[in-house]
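Report on the structure
Chain by chain, the residues run as shown.
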Amino acid sequence: MSEELPAQDASAHVADASFAEITLRRRGRIRRYLFQHPRVMDAVVVLCYSLLALATFISSIVDGKWFAAALLVAIAAILFLRRRNPLSVTAAVAVLEVAVTLLNPWGSNVSAGLWFALYAVAVTRARTFALTVFGAASLPLTLVYLFMWTSPAAPANGEAIPENFHLISNITAAASILLSNLIATGIGISVRQRREHESEIRAWAARTARLGSVTERNRIAREMHDVVAHSLTVMISLSDGAAVVVKKDPERAGEVLGELSRTGRTALADMRRVLGVLREDSARPAPLEPLVSGHDLSKLLDGFRTAGLPLHYSHTGPALPEDPAFQLTVYRIVQESLTNVLRYGRSSSQVDVRIVRDGDSVTIEVLDDGRGSRDPGTEEAVLGTGQGIAGMRERAGIYAGTVDAGPGIHGGWRVHAELNWNGDKGKS
């Protein structure tokens, strides 16, 4: 049984999954396999150490130093636990490496165990802490080679060994230990920083996905408000009108009912179109339909006329820009304004809709002379949620425009909107 995620969490989960897939593709096939199978990687680490210590292990057995050979096996076994408890593993390996060196100073495993242990610490801890552990773990073995390590016996041919040979050998061995351990720690720090960077990008991708989801839902909510508020208001007015004229003029009542049916079907189609984007799990998503445009204004106005509004429409200047999003904005502003007139206006004898285009500026004005009109944006409104005017302002803001709504000079209600269109530059 699977648990459904909320939409925002689901979008963030998709972003995380997408980024994880990209990260995995950046790794090679072998690295990807080892990353997905950490236990196999632990076995590879132990195998690498065993190969490095193999010569020491064999020489210890040949020389009868069984305890040194046992310590090498112990180090290999302990490295299996480096992922679970890197600090304890590093401390144990540091001690055992010193013991093996004291028993067999010519071993090939010098500091090799610390490389893997210090890497594990650097990958899981902060940089300062990792460098501190590097210093503490490297110090004992470094001191052993500086002060207690002795050079091999003199050559059989009796050649003299330089006086500073011991000092140079000690310094070289100690420096190689410090340098190799520092490189291992540095690699671990680099890997940790890369993982932190990937984590930050993953978090950014999740935040971006959530923001995109919120923005899209706000857009859908605005569309739903426009569709439902307009359609239901028109349908209520049409049904009321049909009830009045059905006895006096059956033919006129039939026309009103036909318009009522068309409005309902249009509203249903719009709702399916808007809600279709929410059905992410739908096997057969709803087919996309073209957005309404400025050419659909005549149908919109005819619908309101049928619903009883005495509409007068005028358009001055060139036609609206052939931008579907811009035309949809004009359509929705006119639709919302006339819906409010139909919903709140009383005794309106004239409703004027004027659209004026002057260059890149488009002015929309809807004015009615109704009496007793109430502000649809206040709490006194019986119907609606008060989001209509806010939605118009949001739409106008996309095109650097404004919307003013309030009582008209001679009564009634007036909506005045100004939009600025300048191609792709008009959208900000």
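Fair warning: this is a prediction, and the values are worked out from it, not measured in the lab.

Criteria and thresholds
- Residues numbered from 1 in each chain as written.
- Predicted model: local features only at pLDDT ≥ 70, side-chain atom pairs only at ≥ 80, totals over all residues.
- Heavy atoms only, no water.
- Patch = residues over 30% accessible without salt bridge, like charges linked within 9 Å, V, L, I, M, F, W, Y side chains within 5 Å.
- Areas by Shrake-Rupley, 256 points an atom, 1.4 Å probe, with all protein chains shown as cover.
- Salt bridge = Lys/Arg side-chain N within 4 Å of Asp/Glu carboxyl O.
- Buried < 20%, exposed > 50% of the residue type's maximum accessible area, 1.4 Å probe, protein only.
- Helix = DSSP H or I, 4+ residues; strand = E, 2+ residues; numbered from the N terminus.
- Pairing = 2+ DSSP bridges.
- Axes fitted to C-alpha atoms, helices over the stretch in contact; angles between N-to-C directions.
- Contact = heavy atoms within 4.5 Å.
- Right-handed = clockwise from strand over helix to strand, strands pointing away.

**Here's the deal with a nonpolar patch on the surface**
- Nonpolar side chains collect at one region of the surface, where Y33, V40 and V44 lie side by side and expose about 220 Å² of accessible area between them.
- The class for Y33 is partly exposed, based on a relative accessible area of 43%.

**A look at the pattern of salt bridges**
- The final tally for this structure, using the stated rule, is eight salt bridges.
- The salt bridge involving E196 is made with R192; its shortest N-O contact spans 3.1 Å. With E196 and R192 both in helix α8 (residues 165-245) and four residues apart, the pair spans about one turn of that helix.
- When its relative accessible area of 36% is taken as the criterion, E196 is described as partly exposed.
- Between D352 and R354 there is a salt bridge whose closest N-O contact spans 3.5 Å.
- Judged by relative accessible area, R354 falls into the partly exposed class, the value being 32%.
- Overlapping salt bridges bring together R39, D42, R82 and R83 as one network.

**Brief notes about the sheet that holds strand β2 (residues 351-358)**
- Within the open sheet, the five strands sit side by side as β1-β2-β3-β5-β4. Their pairing is mixed. One side of each edge strand has no neighbouring strand; the edge strands of this open sheet are β1 (311-316) and β4 (402-407). Going from strand to strand, the sheet's axes swing by 10° on average, the running direction of each strand aside.
- Judged from the eight bridges that link them, β2 and strand β3 (residues 361-368) form a sheet pairing that is antiparallel. Within β3, the residue paired with R357 across the bridge is V362.
- Sheet strands in contact with helix α10 (residues 297-306) are β1 and β2, and its direction is about 160° off that of β1.
- Across the sheet, helix α12 (residues 388-398) is in contact with β4 and β5 (413-420); its angle to β4 comes to roughly 150°.

**Side note on unusual backbone geometry**
- In this structure, A400 takes a positive phi of about 50° despite not being glycine.
- The topology assignment puts A400 in the loop between α12 and β4.

**Here we look at the pairing of β1**
- Sheet topology note: the β1/β2 ladder contains six bridges and is parallel. Bridge pairing links H315 to I355 in β2.
- Handedness of the crossover joining β1 and β2 through helix α11 (residues 324-344): left-handed.

**Quick word on the environment of N85**
- Along the chain, N85 turns up in the loop between α4 (66-78) and α5 (86-103).
- Given a relative accessible area of 36%, N85 falls into the partly exposed group.
- C-alpha of N85 to C-alpha of A120: the two residues are 35 residues apart in sequence and 8.9 Å apart in space.

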